[in-house]
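Tertiary structure, described
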Amino acid sequence: MKRHDIQLDSDGRLRHFLTIEGLKRDILTDILDTAENFATVGEQNVKKVPLLRGKTIVNLFFEPSTRTRTTFELAAKRLSADVLNININTSSTSKGESLLDMLHNLEAMHCDMFVVRHNQSGAAHFIAGHVAPHISVINAGDGSHAHPTQGMLDVFTIRRHKKDFTKLRVAIVGDILHSRVARSEIHALNILGVPEIRVIAPKTLIPSHAENLGVHVYHDMNEGLRDVDVVMMLRLQRERMQGAFLPSEEEYFRSYGLSREKLKLAKPDAIVMHPGPINRGVEIESSVADGPQSVILEQVTHGIAIRMAIMSMVLGRNPGGEIKEAV
Amino acid sequence: MKRHDIQLDSDGRLRHFLTIEGLKRDILTDILDTAENFATVGEQNVKKVPLLRGKTIVNLFFEPSTRTRTTFELAAKRLSADVLNININTSSTSKGESLLDMLHNLEAMHCDMFVVRHNQSGAAHFIAGHVAPHISVINAGDGSHAHPTQGMLDVFTIRRHKKDFTKLRVAIVGDILHSRVARSEIHALNILGVPEIRVIAPKTLIPSHAENLGVHVYHDMNEGLRDVDVVMMLRLQRERMQGAFLPSEEEYFRSYGLSREKLKLAKPDAIVMHPGPINRGVEIESSVADGPQSVILEQVTHGIAIRMAIMSMVLGRNPGGEIKEAV
Amino acid sequence: MKRHDIQLDSDGRLRHFLTIEGLKRDILTDILDTAENFATVGEQNVKKVPLLRGKTIVNLFFEPSTRTRTTFELAAKRLSADVLNININTSSTSKGESLLDMLHNLEAMHCDMFVVRHNQSGAAHFIAGHVAPHISVINAGDGSHAHPTQGMLDVFTIRRHKKDFTKLRVAIVGDILHSRVARSEIHALNILGVPEIRVIAPKTLIPSHAENLGVHVYHDMNEGLRDVDVVMMLRLQRERMQGAFLPSEEEYFRSYGLSREKLKLAKPDAIVMHPGPINRGVEIESSVADGPQSVILEQVTHGIAIRMAIMSMVLGRNPGGEIKEAV
């Protein structure tokens, strides 16, 4: 099943943004280049461009996330779009309206884009498969499947620091098994030509057949971190502790938390990343999170630029052209 | 008591929009004509007109309704107004502030319009009776009394398909007794000169003295649907099942649900309407709701145009003039 | 500890607005003069000025308050800023994110201003002490400490009616002990040179050493109201009744509620103020609240102008110059 084909229009341009998996390198590069143009908008005195004026963007959040919703809302507003926030728990789906009926209603109101967050893998694809031709869908995180805008902002941040993807050694540390962020990061890094991607985690948090993802599996941080250019830490979902996955926070930190000591194993100019929010002292030591090698807050800044880039590309359908001029 | 007189200003122009009852035909026609101008805004690349720039519109929802709130919010934003959403459960009325004090405070902040949704009949009238001269009130549904913007979008949809109201036979099917939608539809159809309005429902869901509303009462769909031009289905409030009103969903559907079979009794070019959200398989079969005669999603689209028309008319107070020019 | 110094930038201009305490008279006068310019914006046909276009203002409400949030949201929108409402209960702090991490994330998104409401005294100062140089913080009420925009709108209202602060006798009546409003009012009145400030309350609702605040303490309204120019009533927090502070609402009204009879003790042209929401019949009689001497709704109107003034001053950092021109 080629789930990703649905993302492109008949001219091969990005119509939806659901997953990084299966996208061509030039599309990812287009996104990164477009985001470069937006990266300076946030620093301007007037942080707005009129690209999506009169467009209506709907944040359809089936899973609450103030943080992610905020980044999309800001990106949309800085593109001058109108934004509707719809929290599905309180909506008329409680009146027994089906999801598809709700979508078709929003379409009939001439909304242009659905930003979808859902706790079930595949939800954004499902929605994209059922919307009218004028609608674009952006996946803002679906279950443990994908969080592609996070993946893109991560590689954007790497490119700003490391320039050439084809010479990098990258380690992703933590709960690979349940992480939609890790999955999107791995796809992006592979497509962009990173030659060595390592995942570091206890056996219980590594998907079976992980090697098929194009990664090298490590269970020991002291081995896995050696000489890497980039350390991408994952957030530990604390609820995993309740299950049989992990012994205790303390023991997790000893084995898989990033301390200054362990960071020394990486290259001296290695950067440290984390998608946030951070569990300080669980997966990362505060002195590292706030230290000179951390680019964690840059990731947040870049998140706005990446989302502006993707939103304007799918709605403007001009990845290389007018948008860059207009900015 | 002439409750509707409060709706007009001293020049006879629409100031509030609380109920269709008692309005003159030319005012309804003005609304429909103005909405025609807005109907194309939603299809433009930039879906905004600057008519209400700098105006402040407050959605005062005492009864939660994401769906209705969304349509008013979109209409207001496409008119370039600023929108405040106030959910009264979480507001300072919980601090013991009286409703009137809250209204007067919002007035003092120079808000221009209150869009009111309330589960008590008469709430919007009560509020309109107490606001300052510069404020307009729109009824977004009050108890079982009225939902006049819904009524107007319904007749707008009918006019687009059937042109001449004075030659139509219209059937409204379902819970007439509790439906503010039905009440507003009946008033609109009567004022616009529809010669034959039928209501079809079991006896327990028909108001006593229904004939005084200017309708013909049917208890049998097979009789009531015969040769009608328009079938307006109502949403069945499922909580009615708990009371003594109705036996079961299955039995209701058999007697009063709209199936393809029953629809054949209507004229071949009859249109099927529903205010949404739909209970598929309860009051309407999916094949009919999604079928070629259904205009249900058009109603949603027209709802934006009608609300833009009414909002701009009451705030601009120029039903026939400048607004049309400006669009 | 000079908590207030943090409010000024190196040029002595207002950067944050956390408390009135310690500010110089000319800064308060600048705020009042700037607000005069905005006071007419609300009456214009287009109630917007483009001063803060492209700025992002975040309402960070750790304590729910629709009323106060609404005034800040309106002020920000009328300055053409983009507004984000973040209710902290539902945000990712529930995911265990620390407050500071959340702030740093919002900073990284290039937000420009945090409007902070918190039930703990000192919260806004704490936040102001930890934000990046480009961020301004406005205190929208912290515990029982300060509510400085309320204090400023109150003196703005007084100045509009009484012109010269240096000839006034002002009485503040009610729960002085727990009131952040009273504290901010007292500081503002003192700084602006009001020669006689009286506080009137039962002993249980007066802070110890109240005289150090520069006020005269009265326990008897009949004495305290005599010949005052301004009567500022405070809202009675009804939960005080449960504690040992107060006997009953009826008895409180008899002793400290403002009736027409008691108001006669003040000067004939005295004005009556209340920060809202009013407990009618508890701290103030309806006939007084709605009477000819009441300026309570004017206070609400002025609240928008004062907040526009402060927001534009801290973000524009041009208290006397360009803002006035632009309006």
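Residues numbered from 1 in each chain as written. Chains lettered and ligands numbered in written order. Predicted model: local features only at pLDDT ≥ 70, side-chain atom pairs only at ≥ 80, totals over all residues.

1. Here we look at the overall build of chain A
On a plain count of helices and strands, chain A comes out with twelve helices and nine strands. The globule rule puts the C-alpha radius of gyration for 327 residues at 20 Å, and the 20 Å found for chain A is close to it. Taking the principal axes of the C-alpha coordinates as reference, chain A spans close to 55 × 45 × 40 Å. Here chain A holds 327 residues, and the buried ones make up 54% of them. (Helix = DSSP H or I, 4+ residues; strand = E, 2+ residues; numbered from the N terminus. Rg over C-alpha atoms; globule rule 2.2 N^0.38 Å. Buried ≥ 20, exposed ≤ 12 C-beta atoms within 10 Å, placed from the backbone.)

2. Regarding the packing of helix 1 (residues 25-39) of chain B against helix 12 (residues 296-316) of chain B
All names here are of chain B. Where helix 1 contacts helix 12, the axes come no closer than 8 Å and their chain directions differ by 120 degrees. The angle between the axes of helix 1 and helix 12 places the two elements in the oblique class. For helix 1 against helix 12, the interelement crossing comes out right-handed. Between helix 1 and helix 12, the residues in contact are Ile 31, Thr 34, Ala 35, Phe 38 and Ala 39 and His 302, Ala 305, Ile 306, Met 308, Ala 309, Ile 310 and Met 313, respectively. Residue classes in the contact of helix 1 with helix 12 are distributed as ten nonpolar, two polar and no charged. (Axes fitted to C-alpha atoms, helices over the stretch in contact; angles between N-to-C directions. Parallel < 35°, antiparallel > 145°, perpendicular 65-115°, else oblique. Left-handed = near helix turned anticlockwise from the far one by under 90°. Contact = placed C-beta atoms within 7 Å. Nonpolar A, V, L, I, M, F, W, Y, C, P; charged D, E, K, R; others polar.)

3. A short note on the interface of chain B and chain A
Across the boundary between the two partners, chain B contributes 24 residues, which contact 18 residues of chain A. Among the elements of the structure, helix 2 (66-78) and helix 12 of chain B are those that each provide at least two residues to the side of chain B that touches chain A. In terms of residue class, the side of chain B that touches chain A is built from eight nonpolar, nine polar and seven charged.

4. Observations concerning the sheet that holds strand 2 (residues 82-87) of chain A
Residue and element names in this part refer to chain A. Read across the sheet, four strands follow the order 2-1-3-4 without closing on themselves; strand pairing throughout is parallel. Strands with a single pairing partner mark the edges of an open sheet, and in this sheet they are strand 2 and strand 4 (136-142). Taking each pair of neighbouring strands and ignoring which way they run, the sheet shows an average axis angle of 15 degrees. Both strand 3 (residues 113-118) and strand 4 contribute to a ladder of five bridges, which runs parallel. Counterpart to Met 113 in the pairing with strand 4 is Ser 136. (Pairing = 2+ DSSP bridges.)

5. Description of the interface of chain A and chain C
Counting residues at the interface gives 24 residues for chain A, matched by 18 residues for chain C. Looking at which element gives the most residues to the side of chain A that touches chain C, the answer is helix 2 (residues 66-78) of chain A, with seven residues.

6. Concerning the relation of the copies chain A and chain C
Its rotation angle being 120 degrees, the transformation that places chain A on chain C also includes 0.0 Å of axial translation and leaves an RMSD of 0.0 Å. Both chain copies can therefore be described as sitting about a three-fold axis. (Least-squares fit on C-alpha atoms with pLDDT ≥ 70 in both.)

7. A few points about the pairing of strand 3 (residues 113-118) of chain C
Residues and elements named next belong to chain C. Burial analysis of strand 3 places six of its six residues in the buried class, which makes it a mostly covered element. In this structure, strand 1 (residues 56-61) lies alongside strand 3, joined through five bridges in parallel fashion. Paired with Val 58 across the strands is Phe 114, a residue of strand 3. Read from strand 3 through helix 4 (residues 123-128) to strand 4 (residues 136-142), the crossover connection turns out right-handed. (Right-handed = clockwise from strand over helix to strand, strands pointing away.)

8. Section: the environment of Arg 238 of chain C
Residue and element names in this part refer to chain C. Relative to the assigned elements, Arg 238 resides in the loop between strand 8 (230-233) and helix 8 (239-242). On the basis of neighbour count, Arg 238 is assigned to the partly exposed category, with 13 C-beta atoms found within 10 Å. A sequence separation of twelve residues divides Arg 238 from Arg 226, and the C-alpha atoms of the two residues are 27 Å apart.

9. With respect to the domain arrangement of chain A
Residues and elements named next belong to chain A. One can read the domain layout of chain A as domain 1 (3-146 + 303-326) and domain 2 (148-300). The centre of domain 1, based on its C-alpha atoms, is set 26 Å off from the matching centre of domain 2. Each side of the interface is counted separately: domain 1 has 25 residues, and domain 2 has 20 residues. Secondary structure elements with two or more residues in the side of domain 1 that touches domain 2: helix 1 (25-39), strand 4 and helix 11 (296-316). Among the residues making up the side of domain 1 that touches domain 2, the classes are represented as 13 nonpolar, seven polar and five charged. (Domains from an automatic or database assignment.)

10. A look at helix 3 (residues 99-108) of chain C
Among the ten residues of helix 3 of chain C, seven are classified as buried, and the element is accordingly described as predominantly covered. Those residues of helix 3 of chain C that are buried lie in contact with helix 11 of chain A together with strand 1 and helix 4 of chain C. His 110 of chain C, located one to two residues past helix 3 of chain C, shows a positive phi value of around 65 degrees.

11. Quick look at helix 6 (residues 180-191) of chain A
Residue and element names in this part refer to chain A. In a regular helix each residue adds 1.5 Å, so twelve residues correspond to 16 Å; helix 6 covers 17 Å between its end C-alpha atoms and thus fits that length. In terms of burial, helix 6 is largely enclosed, as eleven of its twelve residues are buried. Looking at helix 6, one finds that the buried residues are Arg 180, Val 181, Ala 182, Arg 183, Ser 184, Glu 185, Ile 186, His 187, Ala 188, Leu 189 and Ile 191. Contacts made by the buried residues of helix 6 are with helix 1, strand 4, helix 5 (148-162), strand 5 (169-173), strand 6 (196-200) and strand 8 (230-233). At the exit of helix 6 stands Gly 193, carrying a positive phi of roughly 90 degrees. (Expected span 1.5 Å × (residues − 1).)

12. Notes on the pairing of strand 6 (residues 196-200) of chain C
Residue and element names in this part refer to chain C. Burial of strand 6 is extensive: four of the five residues sit out of reach of the surface. Pairing geometry for strand 5 (residues 169-173) and strand 6, over five bridges, is parallel. Its bridge partner lying in strand 6, Ile 172 is registered against Val 199. Remark: the strand 5/helix 6 (residues 180-191)/strand 6 crossover connection has right-handed handedness. Across three bridges, strand 6 lies against strand 7 (residues 216-218) in parallel orientation. Of the residues in strand 7, the one forming a bridge with Val 199 is Val 217.

13. Topic: the packing of helix 5 (residues 148-162) of chain C against helix 6 of chain C
Residue and element names in this part refer to chain C. Running from N to C, helix 5 and helix 6 point in directions that differ by 50 degrees, and their axes come no closer than 8 Å. Taken together, the axis directions place helix 5 and helix 6 in an arrangement best described as oblique. Helix-helix and strand crossings are classified by hand; for helix 5 and helix 6 the assignment is right-handed. Contacts from Pro 148, Gln 150, Gly 151, Met 152, Asp 154 and Val 155 in helix 5 reach Val 181, Ser 184, Glu 185, His 187, Ala 188 and Leu 189 in helix 6. Of the residues assigned to the contact of helix 5 with helix 6, the class counts are six nonpolar, four polar and two charged.

14. Details of the sheet that holds strand 1 (residues 56-61) of chain B
All names here are of chain B. If you walk across this open sheet you meet the four strands as 2-1-3-4, and the pairing is parallel. This sheet does not close on itself; its edge strands, each paired only once, are strand 2 (82-87) and strand 4 (136-142). Neighbouring strand axes in the sheet, compared pairwise and without regard to direction, differ in orientation by 15 degrees on average.

15. Considering unusual backbone geometry
Looking along the chain, the bond that leaves Gly 276 of chain A and enters Pro 277 of chain A is cis, with omega of -10 degrees. For Pro 277 of chain A, the position within the fold is in the loop between strand 9 (271-273) and helix 10 (286-289).

16. Thoughts on the environment of Ile 158 of chain B
Mapping Ile 158 of chain B onto the fold places it in helix 5 (residues 148-162). A sequence separation of 35 residues divides Ile 158 of chain B from Ala 123 of chain B, and the C-alpha atoms of the two residues are 29 Å apart.

17. Observations concerning the environment of Leu 14 of chain B
Residues and elements named next belong to chain B. Position of Leu 14 relative to the elements: it lies in the segment before helix 1. By C-beta crowding, Leu 14 is classed as buried, having 20 other C-beta atoms within 10 Å. The spacing of Leu 14 and Ala 182 is 168 residues in sequence and 22 Å in space, taken between C-alpha atoms.

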